[in-house]
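# Tertiary structure, described
Chain residues, written in single-letter form:
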Amino acid sequence: MLNRDQAFELIDRALALCGEADGAEVALGGGDLALTRFANSEIHQNVQEERIEVSVRAIMGRRTARASTSRLDDEGLAEVVQRAL
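Just so we're clear, the structure is a prediction, and the values are computed from it rather than from any experiment.

This part is about the sheet that holds strand β2 (residues 42–60). Sheet architecture is open: 3 strands sit in the order β1-β2-β3, paired in antiparallel fashion. Every other strand in the sheet has two partners, leaving β1 (23–39) and β3 (63–69) as the edge strands with one partner each. Pairwise comparison of adjacent strand axes, ignoring direction, gives a mean angle of 20° for this sheet. Against the sheet, helix α1 (residues 4–16) engages β1 and β2, with an angle of about 130° to β1. The strands touched by helix α2 (residues 74–84) within the sheet are β2 and β3, with β3 carrying the most contacts at an inclination of about 150°.

Moving on to the packing of α1 against α2. Put simply, α1 and α2 touch, their axes get as near as 9 Å, and they point 50° apart. One way to sum up the angle between α1 and α2 is to call them oblique. With respect to the hand of their crossing, α1 and α2 are arranged in right-handed fashion. On α2, the residues that touch L10, R13 and A14 of α1 are D74, L77 and V81. Looking at the contact of α1 with α2 residue by residue, the class counts come to 4 nonpolar, no polar and 2 charged.

The rules we used
- Residues numbered from 1 in each chain as written.
- Predicted model: local features only at pLDDT ≥ 70, side-chain atom pairs only at ≥ 80, totals over all residues.
- Heavy atoms only, no water.
- Pairing = 2+ DSSP bridges.
- Helix = DSSP H or I, 4+ residues; strand = E, 2+ residues; numbered from the N terminus.
- Axes fitted to C-alpha atoms, helices over the stretch in contact; angles between N-to-C directions.
- Contact = heavy atoms within 4.5 Å.
- Parallel < 35°, antiparallel > 145°, perpendicular 65-115°, else oblique.
- Left-handed = near helix turned anticlockwise from the far one by under 90°.
- Nonpolar A, V, L, I, M, F, W, Y, C, P; charged D, E, K, R; others polar.

Structure representation (structure tokens):
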């Protein structure tokens, strides 16, 4: 999971990419997903995944759009901002 400083840094990076928009909103969400499968009264498979998603809403004039991604690198953030714009 991200700590508070990492979350704010990620939000700041995404907002900086929204320069041409009249307004922008960045939301972070996520959590842990877990799955356990049983066979013959024994654990057969146990999978756990930590997922963080970034959602960007861009406002241009009277139009708004939202795009989301789970890619947190610079390229992923640039791509999701462009989709929202």
